[in-house]
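Examination of the molecular architecture
Here are the chains, one letter per residue:
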Amino acid sequence: MRKYVLDTSILLHYVRHSDLARQVEDKLSLLAKDAVPIIASVTVGEMQGFVQRQQWGASKVKRLKKLVEKMIVVDIAAVDDELMNAYATIWNYSKNTLPGNKLGHSIGIGQNDVWIAALARTAKAELVTTDGDFSHLNGKWITVHTF
């Protein structure tokens, strides 16, 4: 099975049925039977914030809920030591403070993005995004597909 962690930006494009979502689907087939689409619970929270800010109507909210139902939603609770360690490693690497493994400079990456990257690493999944904030992790800690 092919496993993919979807960043919030990709989920948003899928809800909108955008051209970019069609490009992603053509290339990666995230919704195919042999694919396992995964999102972090922080992604659900980010989407809820977007829904609230943009005052989405009932039909778009329903599309979002149906899409999320097709995915595995992983809670980022502190009960998963592997996920917590992956978060710490990616955060410290991004901030150029990981002992013995310096990036060379600090990267401005948000904490929710670090959770999403840590989930991809722990799940041994590829990350799919439109966000360049993950590029420093590609090939080092995770595989990143940026659209």
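Presented here is an overview of the structure given in this document. Keep in mind the model is a prediction, meaning the values are calculated, not measured.

**Brief notes about the side chain of D113**
Here D113 is to be found in helix α6 (residues 111-123). Among buried Asp, Glu, Lys and Arg side chains, D113 stands out as unpaired, with K95 the closest opposite charge at 10 Å. Not counting residues up to four positions away in its chain, the partners in contact with D113 are D7, D131, D133 and F134.

**Brief notes about the nonpolar core**
Among the nonpolar cores identified, the biggest contains 30 residues, and L127, F134 and L137 are the most heavily contacted of them. Broken down by secondary-structure element, the contributors of at least two residues to this core are β2 (35-40), α5 (81-94) and α6. Ranked by residues supplied to this core, first place goes to α6 with eight residues. Each residue touching F134, except ones within four places of it in the same chain, is listed here: D7, I109, D113, I116, A117, L127, T129 and V144. If you look at the next biggest cluster of nonpolar residues, it comprises 23 residues, including L11, F50, L67 and M71.

**Observations concerning the pairing of strand β4 (residues 126-129)**
Strand direction decides the pairing type here: strand β1 (residues 2-6) and β4, joined by three bridges, are parallel. When the sheet's bridge partners are listed, V5 is paired in β4 with L127. Judged from the three bridges that link them, β4 and strand β5 (residues 144-146) form a sheet pairing that is parallel. When the bridges of β5 are listed, L127 appears paired with V144.

Basis of the calculations
- Residues numbered from 1 in each chain as written.
- Predicted model: local features only at pLDDT ≥ 70, side-chain atom pairs only at ≥ 80, totals over all residues.
- Heavy atoms only, no water.
- Helix = DSSP H or I, 4+ residues; strand = E, 2+ residues; numbered from the N terminus.
- Buried < 20%, exposed > 50% of the residue type's maximum accessible area, 1.4 Å probe, protein only.
- Lys, Arg positive; Asp, Glu negative; His and termini not counted.
- Salt bridge = Lys/Arg side-chain N within 4 Å of Asp/Glu carboxyl O.
- Contact = heavy atoms within 4.5 Å.
- Core = buried A, V, L, I, M, F, W, Y, C linked by side-chain atoms within 4.5 Å.
- Pairing = 2+ DSSP bridges.

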